Amino acid sequence: MSLKEYRAKRSFDRTPEPEGESIHYHPGCLFVIQKHAARRLHYDFRLEIGGVLKSWAVPKGPSLDPSEKRLAVLVEDHPVEYGSFEGTIPHDEYGGGIVMLWDRGEWLSEGNPQEGYERGRLTFALYGAKLRGGWTLLRMVGKAGAGDKNWLLIKRSDHEARSHQEFDILAAMPLSVKTGRSLEQIAGEKDNSS
Ligand code: MN
């Protein structure tokens, strides 16, 4: 489903705000998660802020469990167009490995997203095919040597939260949101789709 189709669908089957909250969101920004089988498997979490995809590599991937705080390491900005990429990157290039478009949709920032990014605290709602509801990205402080690259990705407690024991979304929904392919299928096919 394209983002345009997704938006059209969402307009009549989704409520735009978490229950019980009245928040002014900044609408219409893309979010993408790319499952990336590089040297080590990780999930690249990307939020469109200021015309680029701000990007975090999440080694363990996102969790719907608010008690699971997932390390998210800030990496290079990516162009918005990269957010539709799925395919194979040659091993001698940056990001070499297999890239799957694991989830995609809109994110709505609570407050100004650029300010939230700069002060190290982003609070937002996701409207993806897999991830929904309220989330927080929080920059860690006081870690010697880690600079300001280490953030935590945390699900907020709401009607979209699930306990990790009850439901592991990474295991339950492992395939591409764009093509339904597995990493193995993407790796085995030459017609990279972007
Ligand atoms: Mn990556």
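Structure: above.
The numbers attached to residues start from 1 for each chain and follow its sequence in the written order. The model is predicted, so local features are restricted to residues of pLDDT at least 70 and side-chain atom pairs to those at 80 or more, both for listing and for counting; the totals for chains, interfaces and linings are taken over all residues. With hydrogens and water stripped out, all remaining heavy atoms of the structure feed into the side-chain values.

Chemist: Looking at this structure, I do not really get the overall build of the protein chain. What am I missing?
Modeler: In terms of regular secondary structure, the protein chain is built from four helices and nine strands. Burial classification: accessible surface area is computed with a 1.4 Å probe over protein chains only, and a residue below 20% of its type maximum counts as buried, one above 50% as exposed, and the rest as partly exposed. Residue burial in the protein chain is summarised as follows: out of 194 residues, 46% are buried. The criterion used for residue contact is that any of the two residues' heavy atoms lie within 4.5 Å. The long-range fraction of contacts in the protein chain, counting pairs at least 24 apart against all pairs at least 6 apart in sequence, stands at 58%. Residue burial considers only the protein chains on display, and all accessible areas are found by Shrake-Rupley using a 1.4 Å probe. Put simply, the protein chain shows about 9,900 Å² of open surface, and 52% of that area lies on carbon and sulfur atoms. Helix and strand assignments follow DSSP, with helices taken as H or I runs no shorter than four residues and strands as E runs no shorter than two, numbered in order from the N terminus.

Chemist: Just to check I follow, could you spell out the pairing of strand β3 (residues 52-58) for this structure?
Modeler: The two faces of the sheet receive side chains in turn, since in a regular strand these alternate between them. Counting buried residues in β3 gives six out of seven residues, a clear majority hidden from the surface. By this definition, two strands are paired if DSSP reports at least two bridges between them. Of the pairings in the sheet, the one linking strand β2 (residues 41-49) to β3 comprises seven bridges and is antiparallel in character. Of the residues in β3, the one forming a bridge with Glu48 is Leu53. Between β2 and β3, which follow one another and run antiparallel, lie two residues, and Gly50 among them has a positive phi close to 60 degrees. Note: β3 against strand β4 (residues 70-79), five bridges, orientation antiparallel. Opposite Val52, over in β4, you have Pro79 as the bridge partner.

Chemist: Would you mind showing me how to read the coordination of the manganese ion here?
Modeler: Working reference: metal with six octahedral donors, ideal angles 90 or 180 degrees; metal with four tetrahedral donors, ideal angle 109.5 degrees. The donor definition counts N, O and S atoms within 2.8 Å of each metal and applies 3.2 Å to Na, K and Ca; water is not among these atoms, so some sites may look incomplete. The coordination sphere of the manganese ion, as far as protein atoms go, consists of His36 (ND1), His42 (NE2) and Asp44 (OD), spread over 2.1 to 2.3 Å. Positions of the donor residues of the manganese ion along the chain correspond to the pattern H-x5-H-x1-D. For the pair His36 and His42, a shared accessibility class is recorded, and that class is buried.

Chemist: What exactly am I supposed to notice about the side chain of Lys35 here?
Modeler: Secondary-structure assignment places Lys35 in strand β1 (residues 25-37). The charged side chain of Lys35 is buried without a salt bridge, its nearest counter-charge being Glu184 at 7.3 Å. Whenever two N or O atoms come within 3.5 Å, that pair is a polar contact, provided that in protein one can donate a hydrogen and the other can accept it, and provided that, for residues adjacent in sequence, both atoms are side-chain atoms. A distance of 3.1 Å separates the side chain of Lys35 from the backbone oxygen of Pro174, its partner in a polar contact. Here Lys35 is in contact with Leu41, His42, Tyr43, Ile98, Val99, Met100, Trp102, Pro174 and Leu183, once residues within four sequence places are set aside. Positive charge is attributed to Lys and Arg, negative charge to Asp and Glu, and no charge count is given to His or to the chain ends. Note on definitions: salt bridges are taken to be side-chain nitrogens of Lys or Arg within 4 Å of carboxyl oxygens of Asp or Glu.

Chemist: Quick question: what am I supposed to make of the packing of aromatic side chains here?
Modeler: For any pair of aromatic rings, the description consists of the separation of the ring centres together with the inter-plane angle of the planes. Side-chain rings of Phe, Tyr and Trp (the six-membered ring for Trp) are treated as a pair once their centres are within 6.5 Å; stacked means planes under 30 degrees apart, edge-to-face means over 60, and tilted covers the remaining angles. Within this structure, the stated rule accounts for eight aromatic pairs. Ring plane angle 75 degrees and centroid distance 6.2 Å describe the contact between Trp56 and Tyr117, whose orientation is recorded as edge-to-face. You can see Trp56 sitting in strand β3 and its partner Tyr117 sitting in helix α2 (residues 113-119), a full 61 residues away along the chain. Here Tyr82 and Phe85 contribute two aromatic rings whose centre-to-centre distance is 5.5 Å and whose plane-to-plane angle is 20 degrees, an arrangement assigned as stacked. The burial state of Tyr82 is the same as that of Phe85; both residues are buried. By the ring-pair criterion, three or more aromatic residues cluster together here, those being Phe31, Phe45, Trp107 and Phe124.

Chemist: What exactly am I supposed to notice about the environment of Trp151 here?
Modeler: Turning to its location among the elements, Trp151 is positioned in strand β9 (residues 150-155). Given a relative accessible area of 1%, Trp151 falls into the buried group. Within polar-contact distance, the side chain of Trp151 engages the backbone oxygen of Asp148 at 3.4 Å.

Chemist: Explanation requested: the nonpolar core in the structure shown.
Modeler: One recurring pattern in soluble globular proteins: nonpolar side chains tend to sit buried together. What makes a nonpolar core is a set of buried Ala, Val, Leu, Ile, Met, Phe, Trp, Tyr and Cys residues whose side-chain atoms join them at distances within 4.5 Å. Core analysis: the largest hydrophobic core is formed by 29 residues, its most contacted members being Phe45, Leu47, Trp56, Leu122, Phe124 and Leu137. When sequence neighbours within four positions are dropped, the list of residues in contact with Leu122 reads Leu47, Ile49, Trp56, Trp107, Pro113, Gly116, Tyr117, Trp135, Thr136, Leu137 and Trp151.

Chemist: Can you help me understand the pattern of salt bridges in this one?
Modeler: Working definition: two side chains of opposite charge can pair if their charged atoms are close together. A complete count under the given rule lists eight salt bridges for this structure. With a closest N to O distance of 3.1 Å, Asp77 and Lys54 form a salt bridge. Of this pair, Asp77 sits in strand β4 while Lys54 sits in strand β3; the two residues are 23 residues apart in sequence, bridging distant segments of the chain. Overall, the relative accessible area of 11% leaves Lys54 in the buried class. Connected through salt bridges with shared partners, the residues Glu86, Arg181 and Glu189 form a single ionic network.

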